[in-house]
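Okay, here's what each chain looks like letter by letter:
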Amino acid sequence: MRKYVSFFRIRFINALQYRAAALAGMATQFFWGGMLLLMFAAFYRSAPENFPMGFQELSSYIWLQQAFLAMLNAWSFENDIFEAVSTGNIAYELCRPMGLYSQWFLKASANRMARAALRCVPVLVFASILPAPYGIILPPDAGTALLFVFSLFLALGVIVAFTMVIYIITFYTISPTGVRMAAVSAADLLSGSLLPLPFFPDGFRQAVELLPFASMQNVPLRVYSGDLSGQAAAWAIGLQLFWFAALLVLGMWMMRRALHRVVVQGG
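Residues numbered from 1 in each chain as written. Predicted model: local features only at pLDDT ≥ 70, side-chain atom pairs only at ≥ 80, totals over all residues. Heavy atoms only, no water.

1. Points about the overall build of the chain
- When helices and strands are tallied, the chain shows twelve helices and zero strands.
- For the chain, the α and β elements follow one another from N to C terminus as α-α-α-α-α-α-α-α-α-α-α-α.
- Taken against the 2.2 N^0.38 rule, which gives 18 Å for 267 residues, the C-alpha radius of gyration of the chain at 20 Å falls within 12% of a compact globule.
- Once the C-alpha set of the chain is aligned to its principal axes, its extents read approximately 65 × 40 × 35 Å.
- For the chain, the residues scored as buried account for 48% of the 267 residues in total.
- Taking as baseline every contact in the chain between residues at least 6 positions apart, the subset at least 24 positions apart corresponds to 82%.
- On the chain, roughly 13400 Å² of surface is accessible, and the fraction owed to carbon and sulfur atoms is 68%.
- In the chain, the 17 positive side-chain charges and the 11 negative ones have mean positions that sit 14 Å from each other. (Helix = DSSP H or I, 4+ residues; strand = E, 2+ residues; numbered from the N terminus. Rg over C-alpha atoms; globule rule 2.2 N^0.38 Å. Buried < 20%, exposed > 50% of the residue type's maximum accessible area, 1.4 Å probe, protein only. Contact = heavy atoms within 4.5 Å. Areas by Shrake-Rupley, 256 points an atom, 1.4 Å probe, with all protein chains shown as cover. Lys, Arg positive; Asp, Glu negative; His and termini not counted. Charge placed at Lys NZ, Arg CZ, Asp CG, Glu CD.)

2. Thoughts on the environment of Ser-59
- Positionally, Ser-59 belongs in helix α3 (residues 55-67).
- On the basis of relative accessibility, which here comes to 0%, the residue Ser-59 falls in the buried class.
- Placed 166 residues apart in sequence, Ser-59 and Ser-225 show a C-alpha to C-alpha distance of 8.6 Å.
- Leaving out residues up to four positions away in the same chain, Ser-59 has contacts with Leu-37, Pro-133, Tyr-134 and Gly-135.

3. With respect to the confidence of the model for the chain
- The predicted model of the chain has a mean per-residue pLDDT of 86, with 97% of residues at 70 or higher.
- Element-level pLDDT for the chain is lowest in helix α6 (residues 90-94), with a mean of 76, against a maximum mean of 93 in helix α8 (residues 142-169). (pLDDT = per-residue confidence, 0-100.)

4. Some thoughts on the packing of helix α7 (residues 100-128) against helix α12 (residues 230-261)
- Two numbers describe how α7 lies on α12: the axes approach to 10 Å, and their chain directions differ by 130°. As far as their axial angle goes, α12 and α7 are oblique. Along its contact with α7, which presents Leu-100, Tyr-101, Trp-104 and Phe-105, the element α12 presents Phe-244, Leu-247, Leu-248, Gly-251, Met-252, Met-255 and Leu-259.
- In terms of residue class, the contact of α7 with α12 is made up of ten nonpolar, one polar and no charged. (Axes fitted to C-alpha atoms, helices over the stretch in contact; angles between N-to-C directions. Parallel < 35°, antiparallel > 145°, perpendicular 65-115°, else oblique. Nonpolar A, V, L, I, M, F, W, Y, C, P; charged D, E, K, R; others polar.)

Right, dumping it as C-alpha cells:
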C-alpha cells in the first residue's frame with residue numbers, strides 16, 4: 001500500500017508545478033462561466049417558471065462546474081499513456097513492482113486532483129462575491145455539503161475508471177483518436193457538461209440518468225445546488241457507486257486480457 005500512496009503523492013506534487021497553465025485555465029473559466037450565465041439569463045427573463053431549475057441553482061451548478069472542470073471533464077486524457085501503448089514503451093511500465101492498472105488509475109486521479117486544486121479556490125471565491133442570483137451560494141446544510149464532497153470523489157472515480165476503459169481499448173487499435181473522440185462526444189453530451197440533465201426531455205433524461213455518464217458531473221453539482229435531495233440524491237449516489245464498481249471491474253478484466261496478448265516489438 002505504501003508504494004501506491006507514494007506514487008500518488010509524487011504524481012500529485014509533479015502536477016502542481018504547472019501554475020501558468022492553471023492561471024490560463026482560471027481566466028478561461030471566469031469568462032466561460034460568465035458567458036454561460038448571461039446566455040441562460042436571457043432565456044430565464046422570458047418565462048423563468050418554464051425551466052426545470054431555478055436560476056440561482058443553475059448559477060451554483062455552472063460555477064461549480066467551472067471550479068472543478070479539471071477534475072470532472074471527460075476530455076482530459078493522459079497522452080503519455082496512449083504513447084506508451086502505441087510505441088511499446090509500456091514494457092518499461094510493466095517492469096515496475098506495481099500493477100499497470102493501478103499505476104494508470106493513480107496517475108490519472110492525481111493529475112486531475114492537482115489541476116483542480118490549483119484552480120478551484122480562486123473560481124469559487126470569485127463566484128461567491130458575485131451578486132445574487134449570478135453567484136454561488138452555500139449548500140442548504142452541512143449534511144448536503146458532506147454528501148456533495150462524497151459524490152464529487154465518486155464522480156472522479158467514475159470518470160477515471162471510464163477513461164481507463166478507453167486506454168485499454170487502444171491495445172486493440174492502430175490509433176486511439178477515433179475511440180477517444182467518440183467517448184468524449186458521448187460523455188460531454190450525456191454527463192451534464194454541455195447542458196444540465198434536467199433541461200433534457202423527460203423520457204430521454206430518465207434513460208440518460210441510468211447511464212454511467214450521468215454519474216460524472218451531473219450528480220455532485222446537482223446535489224450541491226439542492227436540485228437533487230432526499231431519495232433522489234440517495235438513488236443517484238447509489239448509481240454512482242454501482243458504475244464506479246462496474247467500470248473498475250470491467251477495466252481490470254480488460255487489462256488482464258490485454259496484457260496476456262500484448263506483444264512488444266523493438267530492440
